[in-house]
Amino acid sequence: MSKRKTKTRIQHMLLHLVYILLCFLALVPILYALSLSFSGSGGALSSRLSLLPQDFTFQNYKMILLEKPFLRWFYNSAVLSVGTMVIAIGCGVTASYAFSRYRFRGRMGILKGLLLLNAFPQILSMFALFRLLKEMNMLDTKIGLVIIYAGSMCIFSVWNMKGYFDTIPVEIEEAGRIDGATDFQLLWKLVMPLARPAIIVTAVMVLIFVWNEYLFSTTFLLNQDSYTLAGGLYQLQSNDYSRSWGMFSAASILVSVPVLIIFFCIQKYMVSGLTAGGVKG
């Protein structure tokens, strides 16, 4: 028995070492970008790969924050992300609850139709959306882009949260109805607190998608003051290709920090929120 335990312990140690090595290999590009962001102007031109900054300096961060419209891009991304998240989750919670609890004609057909719409690449709708926004005088506006984002992310929200609502026992709501609760009270006071992991995870995934989205933001936002972080970083790199890699790395690190903070704050909800959402269709 002791030999078996020893063998198992050795296998676990080797497995942990492999995982640690894989994690380190995955972190190498991030560590290099972090090193480059603190390096001088010649850091990116060095012929050797180093994870330690050369000529340590905060100049890249100073330039991106003070000399470039980074904070404006940050504000635009924050407005689009939060606005889309509020609309998508507000519509997604009510719609997914209705699809989960009520049996009406065409229910499965609507769900499958929404899934089919979400399966097409976004670029196929690019020209039609551009013409539509132009006709509505919403081109180069945040509200136009929020509507586009919310339309696509509502589908994801409905499907992800419906699966979680399906796992909540109906008996809890029946007990609430006996006590005289309305449908809205059941949703607000009973179901939503129980579905908190799924709602939080879905909201954060919507926020991160919009935060990192590039295709629509660069197509429908036409001037520099309207750029999001994704579009702004591309313009930053393309305008000064040979000398901006340190500043580009600094901007990339700053863009990633809010996402990392949010992820670590909701880490305890990630497993239950994602796995339970796929239990039932």
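One can find the structure itself at the top, above this paragraph.
I will try to describe carefully the structure that is included in this document. Starting from 1, residues in each chain are numbered consecutively following that chain's sequence as written. With the structure being a predicted model, the display of local features is reserved for residues of pLDDT at least 70 and the display and counting of side-chain atom pairs for 80 or more, all residues being used for whole-chain, interface and lining totals. Side-chain figures throughout are based on the complete set of non-hydrogen atoms in the structure, without hydrogens or water.

Let us look at the packing of helix 6 (residues 142–167) against helix 9 (residues 196–212). In helix packing, the relevant descriptors are the interaxial angle and the interaxial distance, both defined with respect to the helix axes. In this analysis, axes come from line fits to C-alpha atoms, helices being fitted only over the stretch in contact, and the angle between any two N-to-C directions falls in the range 0 to 180 degrees. Helix and strand definitions here come from DSSP, where helices need a minimum of 4 consecutive H or I residues and strands a minimum of 2 consecutive E residues; each element is numbered from the N-terminal end. Put simply, helix 6 and helix 9 touch, their axes get as near as 10 Å, and they point 155° apart. Classed by the angle they form, the pair helix 6 and helix 9 counts as roughly antiparallel. Remark: the crossing between helix 6 and helix 9 carries right-handed chirality. Here Tyr149, Met153, Phe156, Ser157, Asn160, Met161 and Tyr164 of helix 6 come into contact with helix 9, specifically with Pro197, Ala198, Ile199, Thr202, Met205, Val206, Phe209 and Val210. Residue polarity follows a fixed list, in which Ala, Val, Leu, Ile, Met, Phe, Trp, Tyr, Cys and Pro are nonpolar, Asp, Glu, Lys and Arg are charged, and the others, Gly among them, are polar. Broken down by class, the residue content of the contact of helix 6 with helix 9 amounts to 12 nonpolar, 3 polar and no charged. An angle below 35 degrees is read as roughly parallel, one above 145 as roughly antiparallel, one from 65 to 115 as roughly perpendicular, and any other as oblique. Should the near helix be turned anticlockwise from the far one by less than a right angle, the crossing is left-handed, and should it be turned clockwise, the crossing is right-handed. Pairs of residues are marked as contacts when any of their non-hydrogen atoms sit within 4.5 Å.

What makes a nonpolar core is a set of buried Ala, Val, Leu, Ile, Met, Phe, Trp, Tyr and Cys residues whose side-chain atoms join them at distances within 4.5 Å. Only protein chains enter the calculation, and the probe is 1.4 Å; a residue is then buried if its accessible area is under 20% of its type maximum, exposed if over 50%, and partly exposed in between. Counting residues in each nonpolar core, the largest one holds 20 residues, and the members touching the most others are Ile89, Val93 and Phe165. Counting residues per element, the ones that place at least two in this core are helix 3 (70–101), helix 6, helix 8 (183–194) and helix 9. Apart from the residues lying within four places of it in its own chain, the contact partners of Val93 are Met161, Phe165, Leu187, Met192 and Ile199.

What follows concerns unusual backbone geometry. Glycine aside, residues mostly have negative phi, and peptide bonds are mostly found in the trans state. Despite not being glycine, Asn137 shows a phi value in the positive range, around 55°. Looking at Asn137, the relative accessible area reads 68%, which means it is exposed. Backbone geometry places Asp140, a non-glycine residue, at a positive phi of 65°. By secondary structure assignment, the location of Asp140 is in the loop between helix 5 (126–135) and helix 6.

This part covers the side chain of Ser96. As for its placement among the helices and strands, Ser96 is situated in helix 3. Ser96 gets classed as buried once you look at its relative accessible area, which sits at 0%. We call two N or O atoms a polar contact when they sit within 3.5 Å, provided that within protein one can donate a hydrogen and the other can accept it, with sequence-adjacent residues counted only if both atoms are side-chain atoms. At 2.5 Å, the side chain of Ser96 forms a polar contact with the backbone oxygen of Gly92. In contact with Ser96, other than residues within four places in its own chain, are Val158, Met161, Lys162 and Phe165.

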